[in-house]
Amino acid sequence: MKKLVIVLGLAVTGLTACNNFDKGEGDMLYKIHTDKSGETIKDGDFVAFKAIEKTEGDSVLYSSYDYDRPSLLVKEKSVFKGDLFAALGLLSEGDSATFKINIDSMVQKMGRPQPSDTTKKYLVYTIKIDKVIPKGSLNDSLFRGKIDEFLKAEMEQAKTAEVAKVKAYVSAKSLKPQVTASGLNYVVSKEGAGAKANPGDTVVVNYTGMFLSGKVFDSSLPDVAKKNGTFNPQRPYEPLKLPVGMGGSIPGFEEGLMLLNKGAKATLILPSKLAYGEQGNQGIPPFSPLVFEVDVVNIIPGAAPVAAAAPKQ
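Residues numbered from 1 in each chain as written. Predicted model: local features only at pLDDT ≥ 70, side-chain atom pairs only at ≥ 80, totals over all residues. Heavy atoms only, no water.

1. A look at the overall build of the chain
From N to C terminus, the chain includes five helices and 16 strands. Principal-axis analysis of the C-alpha atoms places the extent of the chain at approximately 70 × 55 × 40 Å. Out of the 313 residues in the chain, the part that is buried amounts to 41%. Within the chain, contacts between residues at least 6 apart in sequence are counted, and of these 70% link residues at least 24 apart. For the chain, the accessible area works out to roughly 16,800 Å², and carbon and sulfur atoms hold 52% of it. Each charge class in the chain was averaged separately, 39 positive and 35 negative side chains, and the resulting centres sit 2 Å apart. (Helix = DSSP H or I, 4+ residues; strand = E, 2+ residues; numbered from the N terminus. Buried < 20%, exposed > 50% of the residue type's maximum accessible area, 1.4 Å probe, protein only. Contact = heavy atoms within 4.5 Å. Areas by Shrake-Rupley, 256 points an atom, 1.4 Å probe, with all protein chains shown as cover. Lys, Arg positive; Asp, Glu negative; His and termini not counted. Charge placed at Lys NZ, Arg CZ, Asp CG, Glu CD.)

Here you go:
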C-alpha cells in the first residue's frame, strides 16, 4: 500500500480557504488561491511545500507550520482518483490552494488514521508549493544532487536564522531571561528552596517540551499530552527521574535543572546546540531551538561522578 510520507515539517502562517470550491477528479474539491505560471508537478518530481490538514469543522490535525521546515516528498502516481498526489498535480512552484479529500479513501487506501469525527466526508488540506525540482530526464545521480543542494541550503538557512528566532520568541512573550555562558536562556517563574542539584544528584521533574511555535512534542503530564495530541496510553505519565550531569539527556535540559532547587518552576529556552543540534531527533528537525516548562518536584542527593584516573607515565 502506498502512503503519502511527509519527511520534514515547517512552521509559518497558514492560508485562509474560501468557501467556493471547484470539482476535481473523484470526490476532490479544490480552490486555487495563487496561480503562478510554470509546469505543473509531475510524477517523480521533488516537492517542498507547506501544509495544514484540518477537519471540516476546522480542527487542525497536522500543520507543517509548527516545525519551521518545509514538508518534502517525491510525487507518486495517484493511489485513488482525487487523492493528495492528484491535488499536487494541479499545482506548480509558487501556487497555493485548498483541497477537500475524501476521508474514507484516505483511511482505506493511503493508511491515514481515522479522525475522531466520523460524521464528516472530507479532510481539508491547505498547501503552498515552495520549491519543485523536476525529475524530467535527469538520471538518479543528478536528480539526487539537486535535492541535496536544496536541502543543504535549507539547513544553512535554519542555522543562520536560529538566533533571531529565539530573540523574537523572547520578545513576543515579554520574557526577561537570564543567559548562561553556554547560551541557555532561562526564566524562573517560581523560586524553590534548598540546595540546587549537583552532578550525580537525581532531579525529579515534571516537564513539557515544545517548539518556539508553541507546538508540544512531549510532556510528563497526562492532561497536557491529551490536550496537545501527544498522549500515549502505553506510557506511564509521572515525573521524570534524571541523574543530572551524567549525559543522560540533552545538555541544555540538564544544565537548566542544575540551576534550580526543589519546588522551582522555570522556562528553559535551548538553542539547538544544547538540544538535538544539526541531526535533529524523531520529529524534531535539525537546528530547532526548544522550550521546556519544568517543575522540580524533588532533588535526591547522589554520589558525584568519579573523575577518571590520570594515565600512568
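2. Quick notes on unusual backbone geometry
Positive phi, close to 55°, is recorded for Ser 174, a residue that is not glycine. Looking at the secondary structure, you find Ser 174 in the loop between α3 (140-172) and β8 (178-179). Accessibility expressed as a relative area gives 63% for Ser 174, which makes it exposed. With a phi angle near 40°, Gln 282 is a residue other than glycine that sits in the positive phi range. Relative to the elements of secondary structure, Gln 282 occurs in the loop between β15 (265-270) and β16 (290-300). By relative accessible area, Gln 282 is classed as exposed at 78%.

3. Overview of the confidence of the model for the chain
Across the chain, the average pLDDT comes to 90, with 90% of residues at or above 70. Contacts from residues 1-18, a stretch scored under 50 in pLDDT, to residues over four places away or in other chains number 68 contacts. Here residues 306-313 is modelled with pLDDT under 50, and outside its nearest four sequence neighbours on either side it reaches zero contacts, counting other chains as well. (pLDDT = per-residue confidence, 0-100.)

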